[in-house]
Amino acid sequence: MDTITYKIGNGIYINLTNKCSNDCTFCERNRIKGVGGYYLWLDKEPTALEIIESLKKSDLSDCEEIVFCGFGEPTYRWEVIKQVASFAHSVGKITRINTNGQGSLINGYDITKEMAEFIDKVNISLNNGSSKRYDEDCRSIYGESAFYELQDFAKKCLQQGIDTTMSVVDCICSGEVEQAREIALKIGAKFRIREEIK
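Residues numbered from 1 in each chain as written. Predicted model: local features only at pLDDT ≥ 70, side-chain atom pairs only at ≥ 80, totals over all residues. Heavy atoms only, no water.

## Let's talk about the side chain of Asn-98
Note the threshold: Only DSSP runs of H or I reaching four residues or more are called helices, and only runs of E reaching two or more are called strands; each is numbered from the N terminus. Only protein chains enter the accessibility calculation, which uses a 1.4 Å probe; a residue is then buried when its area is under 20% of its type maximum, exposed when over 50%, and partly exposed in between. For the purposes of these results, a polar contact is taken to be a pair of N or O atoms within 3.5 Å, where, inside protein, one atom must be able to donate a hydrogen and its partner to accept one; residues adjacent in sequence count only when each atom of the pair is a side-chain atom. Two residues qualify as a contact provided that any one of their heavy atoms is within 4.5 Å of a heavy atom in the partner residue.
Examined against the element boundaries, Asn-98 turns out to sit in strand 6 (residues 94–99). By relative accessible area, Asn-98 is classed as buried at 18%. At 2.8 Å, the side chain of Asn-98 forms a polar contact with the side chain of Arg-96. Those residues in contact with Asn-98 that sit more than four places away from it in its chain are Tyr-13, Val-67, Phe-68, Cys-69, Glu-73, Pro-74 and Asn-123.

Put into structure tokens, the structure is as follows:
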């Protein structure tokens, strides 16, 4: 049976899709099929109704936020996210999306113009400090342009008043981390170093 929602810490995570526009060399998808003891590879993408029903069955009392994350790039399911985020807000929960920042390319229009209504926080995987190294590590279907797209995405999220963090995984060298930090801070976003899942 597919894992649609799962709990890590004080968040309930929503597993939307296996699809991703990146094929990152360090991604856990390439080695394991789950995170935190949860098997996350989906046989079928859940509908908005199925996700909402799963959330209703969950204990939301100590849940601080609903996080759109899972094993793929959540913005492939942007229309579903909007419906589920509306439900999350209706029960007083903060919403966050963990994304590679390519959602506008994926959907064919600037989704940041809609995001403030549905998403309170966004964590964008910057992952490196140069377009060349980003392309080598993340292998996006959009090539090196994805590196600049995700930066533009972050700027637009900030313009919409969304709490925006850009992050890297700690498997890159310290010089690359500092390059990435400089990019994030110049944009005006928060910066975070994530631990690689092994």
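## Observations regarding the sheet that holds strand 9 (residues 190–194)
Just so we agree on the cut-off: Whether two strands pair comes down to DSSP finding at least two bridges between them. Working convention: axes come from line fits to C-alpha atoms, limited for helices to the stretch in contact. Angles between N-to-C directions cover 0 to 180 degrees.
Ordered in space as 1-2-5-6-7-8-9, the seven strands form an open sheet in which the pairing is mixed. Of all the strands in the sheet, the pair left with one neighbour each is strand 1 (5–8) and strand 9. For this sheet the average axis-to-axis angle between neighbouring strands, irrespective of direction, equals 25°. Pairing between strand 1 and strand 2 (residues 11–14): four bridges, direction antiparallel. In the sheet register, Thr-5 faces strand 2, and the bridge partner there is Ile-14.

## So, the confidence of the model for the protein chain
Note the following rule: Per-residue confidence from the predictor is reported as pLDDT, which spans 0 to 100.
A residue-level look at the protein chain finds 94% of positions with pLDDT of 70 or above and a mean pLDDT of 91. Averaged pLDDT values over the elements of the protein chain bottom out at 62 in strand 3 (residues 34–35) and peak at 98 in helix 2 (residues 78–90).

## Some remarks on helix 1 (residues 48–57)
Think of an α-helix as turning once every 3.6 residues; residues three or four places apart then point the same way. Defined as follows: For this quantity, the arc is that covered by the directions from the helix axis to the C-beta atoms.
Of all the positions in helix 1, only Ala-48, Ile-51, Ile-52, Ser-54 and Leu-55 are classed as buried. One side of helix 1 carries all its buried residues, which in axial view fall inside an arc of 160°. Set apart from the buried face of helix 1 by more than 90 degrees, the exposed residues are Leu-49, Lys-56 and Lys-57. Among the structural elements, strand 1, strand 2, strand 5 (65–68) and helix 2 are those in contact with the buried residues of helix 1.

## Quick word on unusual backbone geometry
One non-glycine residue, Asn-127, lies in positive phi territory at about 70°. Tracing the sequence through the fold places Asn-127 in the loop between strand 7 (121–125) and helix 5 (131–138). Taking the relative accessible area as the measure of exposure, Asn-127 reaches 3% and is therefore buried. The phi torsion at Arg-139 lies on the positive side, around 45°, for a residue other than glycine. Within the secondary structure layout, Arg-139 lies in the loop between helix 5 and helix 6 (145–159). A residue is classified by how much of its surface remains accessible, and Arg-139, at 38% relative accessible area, is partly exposed.

## Details of the pattern of salt bridges
Cut-off, in case you're wondering: The rule for a salt bridge is simple: a side-chain nitrogen of Lys or Arg has to be within 4 Å of a carboxyl oxygen of Asp or Glu.
Considering all chains together, one arrives at 17 salt bridges under this definition. Its salt-bridge partner being Glu-50, residue Lys-44 comes within 3.2 Å of it at the nearest N-O pair. Taking the relative accessible area as the measure of exposure, Glu-50 reaches 31% and is therefore partly exposed. A salt bridge links Arg-133 to Glu-136; the shortest N-O distance between them is 2.9 Å.

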